[in-house]
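Single-letter residue listing:
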Amino acid sequence: MHASLKGIALVTGAAQGIGQAIVLRLADDGFDVALNDVPQKGQALDSLAEEVRAKGRQVVVVPGDVSQEEDVKRIVQETTEKLGGLRVMVANAGTFRMGSLTETSLEDFEQLFAVNARGTFLCYKYAAQYMVAQGRGGRILGASSVVGRRGGMEYAAYSGTKFAIRGLTQSAALELGRHGITVNCYAPGPIDTDMLRFLRKGRADKATERGIVTPAAPFNAVGSDGKAEDIASIVSYLASDEAHFITGQTIGVDGGMVLS
Ligand code: NAD
């Protein structure tokens, strides 16, 4: 990392799963870290903060709902004030609901778009505003999905939110490149977290309801699910100075998944 730049990262949805693994990896890489999740996850954030401190890094807990503009403004502001800048924004927070097109209520559709698409837009926007004004470049990262590249059965609304993140990422990359800011997203396949367990249970319940055999886990080339650390490692690279020539990309981390 450039000597004049303090390594400061903000990670949303940090209380568990992929976000938590990203926090620990970035702390190992030498970053001071701001931890965001919804206020109800305060306890998990506090214990993660202890782990980060034990690694010798500075940490700040900035709870808030990424779908709310005032929250995101405050989260970015508190991070920059308390840690002294912002080098990396990881807009990781996301929510999932299964449902076919005809079964998905407008309320569910709007909730998914509010957190996943609007939340990512707000995090990108306020991080970019700060980074441009700071004048020292930066790294912005989002969480797309394997279903952000190609639609999936029973994922109509969720898949739409993850396509939206790719569009935001490509467009923001074009605008911010001249400022030394790269914008990329990761597109996980099945990663062993609470979200995946919830998804698999939903799929099994649906299969039972319809009287069909529970479908097998999705096929990929590697033949197993990934781990949160597999995502954290690509984030670690994309957040590094070395990755300055990679922007506007959606990087699949999916074990070579084949969607039917
Ligand atoms: P997870 O459900 O285990 O964790 C998500 C975290 O985001 C939770 O701690 C949750 O409280 C937080 N969150 C939800 N809404 C929020 C809001 N409005 N404001 C702030 N925080 C909020 O999920 P995960 O598996 O760790 O997924 C992380 C990201 O990766 C998500 O965007 C998800 O859509 C994406 N993803 C995951 C998988 C997978 O298989 N696990 C696959 C593809 C994409």
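- The name given to the protein chain in an unreviewed UniProt entry is NAD(P)-binding protein, and the organism recorded there is Hydnomerulius pinastri MD-312.
- Per UniProt, the protein chain has the following entry under Sequence similarities (unreviewed entry): "Belongs to the short-chain dehydrogenases/reductases (SDR) family."

**Points about the layout of surface pockets**
Piece 1. Its volume calculated, the second largest pocket comes out at about 170 Å³.
Piece 2. Among the elements of the structure, α4 (106-134) and α5 (156-176) are those that each provide at least two residues to the lining of the second largest pocket.
Piece 3. In terms of residues, the lining of the second largest pocket owes the most to one element, α5, which gives five residues.
Piece 4. For the lining of the second largest pocket, the residue count by class is seven nonpolar, one polar and two charged.

**Describing the nonpolar core**
Piece 1. In terms of nonpolar packing, the biggest core is built from 33 residues, with Ile-22, Leu-35, Val-90 and Tyr-186 touching the most fellow members.
Piece 2. Elements that contribute at least two residues to this core include exactly β1 (8-11), α1 (17-28), β2 (32-35), α2 (42-54), β4 (88-91), β5 (138-143) and α7 (228-238).
Piece 3. Ranked by size, the runner-up nonpolar core spans 30 residues in total, among them Val-60, Val-76, Ala-172 and Ala-173.

**Quick word on the site of the ligand**
Piece 1. As a structural note, the neighbourhood of the ligand is formed by 27 residues, with Gln-16, Asp-37, Asp-65, Tyr-158 and Thr-193 the closest of them.
Piece 2. Within the backbone of Ile-18, a nitrogen or oxygen atom sits 2.8 Å from an oxygen atom of the ligand.
Piece 3. The backbone of Gly-189 places a nitrogen or oxygen atom 3.3 Å from an oxygen atom of the ligand.
Piece 4. When isolated, the ligand has an accessible area of 830 Å², and the protein chains bury 92% of it.
Piece 5. Taken together, the elements giving at least two residues each to the shell around the ligand come down to α1, α5 and α6 (194-209).

**Section: the environment of Ile-191**
Piece 1. Tracing the backbone shows Ile-191 in the loop between β6 (181-188) and α6.
Piece 2. Along the chain, Ile-191 and Ile-18 lie 173 residues apart, while their C-alpha atoms are 8.2 Å from each other.
Piece 3. In this structure, Ile-191 is in contact with Ile-18, Leu-196, Gly-226, Lys-227, Ala-228, Ile-231 and Val-253, ignoring residues within four places of it in sequence.

Thresholds, definitions, all that
- Residues numbered from 1 in each chain as written.
- Predicted model: local features only at pLDDT ≥ 70, side-chain atom pairs only at ≥ 80, totals over all residues.
- Heavy atoms only, no water.
- UniProt positions renumbered as here; feature names shortened; annotations may be inferred.
- 1 Å grid on protein atoms, 1.4 Å probe; cavity = no way out; pocket = protein on both sides within 12 Å on 5 of 7 lines; lining within 4 Å.
- Points joined across faces, edges and corners; volume = space filled by probe spheres on them.
- Helix = DSSP H or I, 4+ residues; strand = E, 2+ residues; numbered from the N terminus.
- Nonpolar A, V, L, I, M, F, W, Y, C, P; charged D, E, K, R; others polar.
- Core = buried A, V, L, I, M, F, W, Y, C linked by side-chain atoms within 4.5 Å.
- Buried < 20%, exposed > 50% of the residue type's maximum accessible area, 1.4 Å probe, protein only.
- Near = heavy atom within 4 Å.
- Polar contact = N/O pair within 3.5 Å; in protein donor to acceptor, adjacent residues only side chain to side chain.
- Areas by Shrake-Rupley, 256 points an atom, 1.4 Å probe, with all protein chains shown as cover.
- Contact = heavy atoms within 4.5 Å.

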